[in-house]
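Chain by chain, the residues run as shown.
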Amino acid sequence: MKTARIPLLLCALLATTTAFAQDTQETDSPDALIATVNGVAYPLDVFRLFYMERLQGNQGQNSPEFQQQVFDEFMGLAVASQDGDRRKLEDDRNVVAALQLERMKIMSNAALSTMADEVEPTEDELKTAYDTVKAQTTRAEYKARHILVKDEAEAKKIIKQLDKGTDFAELAKKHSEGPTGKDGGDLGWFDAGQMVAPFAEAVAALEPDSYTKEPVNTQFGWHVIELQETRKAEPPAFEDAKPQLTALVKRQKIAIKVNEMREKAMVELNEDVVKLKDEPAETE
C-alpha cells in the first residue's frame, strides 16, 4: 500500500469548489473510493466525512503533514475495524447498542438539518426575535486603563502615588509592562467577558472615575485598574444580525415541531423497566 504521495492528492480529492470541478468529476461520484484495504473498499465519501471531523478538531489548520496524519489514522481505523469484523464483534451486546445509538444520532441530525432547510422565517418573525433579544440585552461595557507590573509591592507603590494625585497615564507610561503602557494604559471599550475573571470582577466592582485600592492579580501579573466610563452594550443593527436571528428562529421552530412529534408519538412503555409514578388523587 503506497501512501507517500497521499497528501499531495488530498486537496484535489477533498475540494468542493468549482475551481476543481473539472479535476474532481470522477472523484465526486458516490462510487469513488479512497482505497481498498485487504480487499475491502472504502468510499471516498466516508473518508471525506472523517477528514472534515478531524479538520474541525484541528481548528481548520490544514497542511500536507496533517493530511498524511489523518489518512494514516483512517487506515488504522480501517484495519482495526476489520479485526473487529473477524472477531464477529458486531454481535456483541454493547456494540449492537452503540451502533443503534449512533444511527439514531445520525438520522436525527440529518432530519433536523432537513427541517432547517425547509423553514423560512418571515421578516416579521425575525423582527420579533430581534426585539426580544434587544430587550434582554443588559450587558455592560467598560472603558478603562491599567498599569501592569511584575510584583504586588510595586503595584502598591503605584496606588500610593495615585492617592497623592499623580496622573494615571503618566504612571502607566513609566511603569506598565503591558502593551498598552505606551498609550497610558488605555484599554478602550471592552466587554467584561473579554478579560480574565479577576480583572473583570475588579472592573465591575469599580465606580467610574475610580481605581482599584488593592492590586489585582492575574496570570499576567499585578494590575492597577482605573475605570473611566461604563455603558450598556448596544445590540447589532437588525440587518447585521439577520443571519443569527434566522438561525435562532429556525431552532425555535424546529424545537416546537419536534415537541409536537413527541406528543403525537405512540409510546408503549415497558413497565417492568419504566416505573410510572402514581398520579396524586384529585381532591375536592
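Preceding this section is the structure that the text describes.
Residues numbered from 1 in each chain as written. Predicted model: local features only at pLDDT ≥ 70, side-chain atom pairs only at ≥ 80, totals over all residues. Heavy atoms only, no water.

## Focus: the overall build of the chain
Looking only at helices and strands, the chain has nine helices and seven strands in total. Expressed as a percentage of its 284 residues, the buried residues of the chain come to 31%. Looking at the chain alone, contacts between residues at least 24 apart form 64% of all its contacts between residues at least 6 apart. Within the structure as shown, the chain displays about 20,300 Å² of accessible surface, and the carbon and sulfur contribution to it stands at 53%. (Helix = DSSP H or I, 4+ residues; strand = E, 2+ residues; numbered from the N terminus. Buried < 20%, exposed > 50% of the residue type's maximum accessible area, 1.4 Å probe, protein only. Contact = heavy atoms within 4.5 Å. Areas by Shrake-Rupley, 256 points an atom, 1.4 Å probe, with all protein chains shown as cover.)

## Here we look at a negative patch on the surface
Taken together, Asp85, Glu90, Asp91 and Asp92 make up a surface patch of like negative charges. Locating Glu90 in the fold gives a position in the loop between helix H3 (64–86) and helix H4 (93–118). (Patch = residues over 30% accessible without salt bridge, like charges linked within 9 Å, V, L, I, M, F, W, Y side chains within 5 Å. Salt bridge = Lys/Arg side-chain N within 4 Å of Asp/Glu carboxyl O. Lys, Arg positive; Asp, Glu negative; His and termini not counted. Charge placed at Lys NZ, Arg CZ, Asp CG, Glu CD.)

## Regarding the side chain of Thr218
As for its placement among the helices and strands, Thr218 is situated in strand S6 (residues 216–218). Non-local contacts of Thr218, meaning those with residues more than four positions away in its chain, are made with Val196, Pro198, Phe199 and His223.

## Quick word on the packing of helix H6 (residues 152–163) against helix H7 (residues 168–175)
Axis separation between H6 and H7 bottoms out at 10 Å; the angle between their running directions is 155°. In terms of orientation, H6 and H7 fall into the roughly antiparallel class. In the crossing of H6 with H7, the sense of the turn from one axis to the other is right-handed. Residues Glu154, Ile158, Gln161 and Leu162 of H6 form the contact with H7, whose own contacting residues are Phe168, Leu171 and His175. A per-class count over the contact of H6 with H7 returns four nonpolar, two polar and one charged. (Axes fitted to C-alpha atoms, helices over the stretch in contact; angles between N-to-C directions. Parallel < 35°, antiparallel > 145°, perpendicular 65-115°, else oblique. Left-handed = near helix turned anticlockwise from the far one by under 90°. Nonpolar A, V, L, I, M, F, W, Y, C, P; charged D, E, K, R; others polar.)

## Some details on the packing of aromatic side chains
On inspection of all chains with the given rule, the structure shows nine aromatic pairs. With 5.5 Å between their ring centres and 75° between their planes, Tyr130 and Phe238 make a pair best called edge-to-face. One end of the pair, Tyr130, is in helix H5 (residues 123–135); the other, Phe238, is in helix H9 (residues 238–264), and 108 residues separate them in sequence. Note on accessibility: Tyr130 and Phe238 belong to one class, buried. When the ring centre of Trp189 is taken as reference, the NZ or CZ atom of Arg231 above it lies at 3.9 Å. (Phe/Tyr/Trp six-rings, centres within 6.5 Å; stacked < 30°, edge-to-face > 60°. Lys NZ or Arg CZ within 6 Å of the ring centre and 35° of its normal.)

## Quick notes on the environment of Gly185
For Gly185, the position within the fold is in the loop between H7 and strand S4 (186–191). For the pair formed by Gly185 and Glu226, sequence separation is 41 residues and the distance between their alpha carbons is 9.2 Å. Once residues lying within four places of it in the same chain are set aside, the contact partners of Gly185 are Ala144, Arg145, His146, Ala172 and Thr180.

## Here's the deal with the layout of surface pockets
Of the pockets and cavities examined, the largest pocket occupies roughly 270 Å³. Taken together, Tyr42, Val46, Leu49, Phe50, Glu53, Phe74, Leu77, Ala78 and Ser81 make up the full set of residues lining the largest pocket. Breaking the lining of the largest pocket down by element, the ones donating at least two residues are helix H2 (44–57) and H3. Looking at the lining of the largest pocket, its residues break down into seven nonpolar, one polar and one charged. (1 Å grid on protein atoms, 1.4 Å probe; cavity = no way out; pocket = protein on both sides within 12 Å on 5 of 7 lines; lining within 4 Å. Points joined across faces, edges and corners; volume = space filled by probe spheres on them.)

## Overview of the packing of H5 against H9
The contact between H5 and H9 brings their axes to 9 Å, and the two run at 100°. Accordingly, the angle class assigned to the pair H5 and H9 is roughly perpendicular. For the pair H5 and H9, contact is made by Glu123, Glu125, Leu126, Lys127, Ala129, Tyr130 and Val133 and by Phe238, Glu239, Ala241, Lys242, Leu245, Thr246, Leu248, Val249 and Lys253, respectively. Its residues assigned to classes, the contact of H5 with H9 comprises nine nonpolar, one polar and six charged.

## Considerations on the pattern of salt bridges
Summed over all chains, the structure comprises 13 salt bridges. The partner of Glu226 in a salt bridge is Arg145, with the nearest N and O atoms 2.3 Å apart. One end of the pair, Glu226, is in strand S7 (residues 221–232); the other, Arg145, is in strand S3 (residues 140–149), with 81 residues separating them in the sequence. No difference in accessibility class separates Glu226 from Arg145, as the two residues are buried. Across the salt bridge formed by Glu152 and Lys156, the nearest N and O atoms sit 3.7 Å from each other. Separated by four residues within a single helix, Glu152 and Lys156 lie in helix H6, roughly one turn from each other. Of the residues examined, Glu152 reaches a relative accessible area of 33% and is grouped as partly exposed. Given the relative accessible area of 36%, Lys156 is considered partly exposed. The structure contains a network of salt bridges with shared partners spanning Asp83, Arg86 and Arg87.

## Points about a nonpolar patch on the surface
Among the surface-exposed residues, Val267, Leu269, Val273, Val274 and Leu276 lie close enough to one another that they form a single nonpolar patch of about 470 Å² accessible area. Residue classification places Leu276 among the exposed residues on the basis of a relative accessible area of 54%.

These figures capture arrangement, not role.
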